[in-house]
Amino acid sequence: MARLPILRFPDPRLYQKAVPVTVFDADLRSLIANMAETMYAAPGIGLAATQVNVHRQVIVIDTSEDHKRLQVFINPEIIESVGTQFCEEGCLSVPGIYEEVERAEQIKVRAADGEGRIFTLAAEGLLAVCIQHEIDHLKGKVFVEYLSRLKQSRIKAKLQKQQREMA
Ligand code: NI
């Protein structure tokens, strides 16, 4: 297993759309393992392949406290969404920024697991937020795009300054 570098907003590669996975092989399993390791090490509760510059529809999530409930969503699709909730979100690609975003309160998602088996899952609360946030990544969307233009440009400037200082 290996930790993968995470793209940082406003890297243009974060705007790329991921393509569906068609082959469920050892390669995919190793991508999933590496993404999980990267997410746990960060630490974070969700990671989309887009964030590690792999533009395939793969998401890993673990919202548990003990990091023992890894959930894998391949080619995820939200098939039902109900209600609204506001939750403060963060993102491993937008370090240090936490902002409130409006999301559906309850969702039903259909996806495949790492072996290609299709499942549907009903989610609410934090897990529902996390799934919606990660599916956005696969569509090339970062959560800051829900914020006002002013906030977005402030966040951009802040992160670009951070990156200059690190370089
Ligand atoms: Ni994110």
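What this report covers is the structure whose coordinates are included nearby. For clarity, every value in this text was computed on a predicted model and none was experimentally measured.

As a further point, take the overall build of the chain. A tally of regular secondary structure across the chain gives three helices and seven strands. The secondary structure elements of the chain, listed N-terminal to C-terminal, are α-β-β-β-β-β-β-β-α-α. A globule of 167 residues ought to have a C-alpha radius of gyration of about 15 Å, and the chain, at 15 Å, matches this closely. If you line up the chain on its principal axes, its C-alpha atoms span 45 × 40 × 30 Å. Counting across all 167 residues of the chain, residues that qualify as buried make up 44%. For the chain, restricting intrachain contacts to residue pairs at least 6 apart in sequence, the fraction spanning at least 24 positions comes to 65%.

A few words on the coordination of the nickel ion. Protein coordination at the nickel ion: the donors are Cys91 (SG), His133 (NE2) and His137 (NE2), at 2.1 to 2.2 Å from the metal. Counting gaps between the donor residues of the nickel ion yields the pattern C-x41-H-x3-H. With Cys91 in the loop between strand S4 (85-89) and strand S5 (99-103) and His137 in helix H2 (residues 125-138), the pair connects residues that are 46 residues apart, well separated along the chain. Neither residue differs from the other here; Cys91 and His137 are each classed as buried.

The next subject is the packing of aromatic side chains. Summed over all chains, the structure comprises one aromatic pair. Pairing Phe73 with Phe119 gives two aromatic rings, centres 5.8 Å apart and planes at 50°, and the pair type is tilted. One end of the pair, Phe73, is in strand S3 (residues 71-82); the other, Phe119, is in strand S7 (residues 118-124), with 46 residues separating them in the sequence. With relative accessibility at 24%, the residue Phe119 sits in the partly exposed group. The ring of Tyr146 carries Lys141 above its face, with NZ or CZ at 4.1 Å from the centroid.

Before going further, it helps to examine the nonpolar core. Within the largest apolar cluster, 16 residues are counted, with the highest numbers of intra-cluster contacts made by Ile59, Ile61, Phe73, Ile107, Ala123 and Ile131. Mapped onto this core, the elements with two or more residues apiece are strand S2 (58-61), strand S6 (106-112) and H2. Broken down by element, this core gets its largest block of residues, six residues, from H2. If we ignore the near neighbours within four places in the chain, the residues touching Ile107 are Ile78, Glu80, Ser81, Leu121, Ala122, Ala123, Ala128, Ile131 and Gln132.

For the rest of this paragraph, the subject is the sheet that holds S2. To summarise the sheet geometry, strands pair through backbone hydrogen bonds and adopt either a parallel or an antiparallel arrangement. Taken together, the five strands give an open sheet; going across it, the order is S1-S2-S3-S6-S7, and neighbouring strands pair in antiparallel fashion. The strands lining the two open edges of the sheet, one partner per strand, are strand S1 (46-48) and S7. On average, each strand axis in the sheet is inclined to that of its neighbour by 40°, with strand direction left out of account. Here S1 pairs with S2 via three bridges, running antiparallel. If you follow Ala48 over to S2, its bridge partner there is Ile59. Seen against the sheet, helix H1 (residues 26-41) touches S1, S2 and S3 and runs at an angle of roughly 40° to S2. Contacting S1, S2, S3, S6 and S7, H2 crosses the sheet at an angle of about 125° to S7.

What counts, and at which threshold
- Residues numbered from 1 in each chain as written.
- Predicted model: local features only at pLDDT ≥ 70, side-chain atom pairs only at ≥ 80, totals over all residues.
- Heavy atoms only, no water.
- Helix = DSSP H or I, 4+ residues; strand = E, 2+ residues; numbered from the N terminus.
- Rg over C-alpha atoms; globule rule 2.2 N^0.38 Å.
- Buried < 20%, exposed > 50% of the residue type's maximum accessible area, 1.4 Å probe, protein only.
- Contact = heavy atoms within 4.5 Å.
- Donors = N, O, S within 2.8 Å, 3.2 Å for Na, K, Ca; no water.
- Phe/Tyr/Trp six-rings, centres within 6.5 Å; stacked < 30°, edge-to-face > 60°.
- Lys NZ or Arg CZ within 6 Å of the ring centre and 35° of its normal.
- Core = buried A, V, L, I, M, F, W, Y, C linked by side-chain atoms within 4.5 Å.
- Pairing = 2+ DSSP bridges.
- Axes fitted to C-alpha atoms, helices over the stretch in contact; angles between N-to-C directions.

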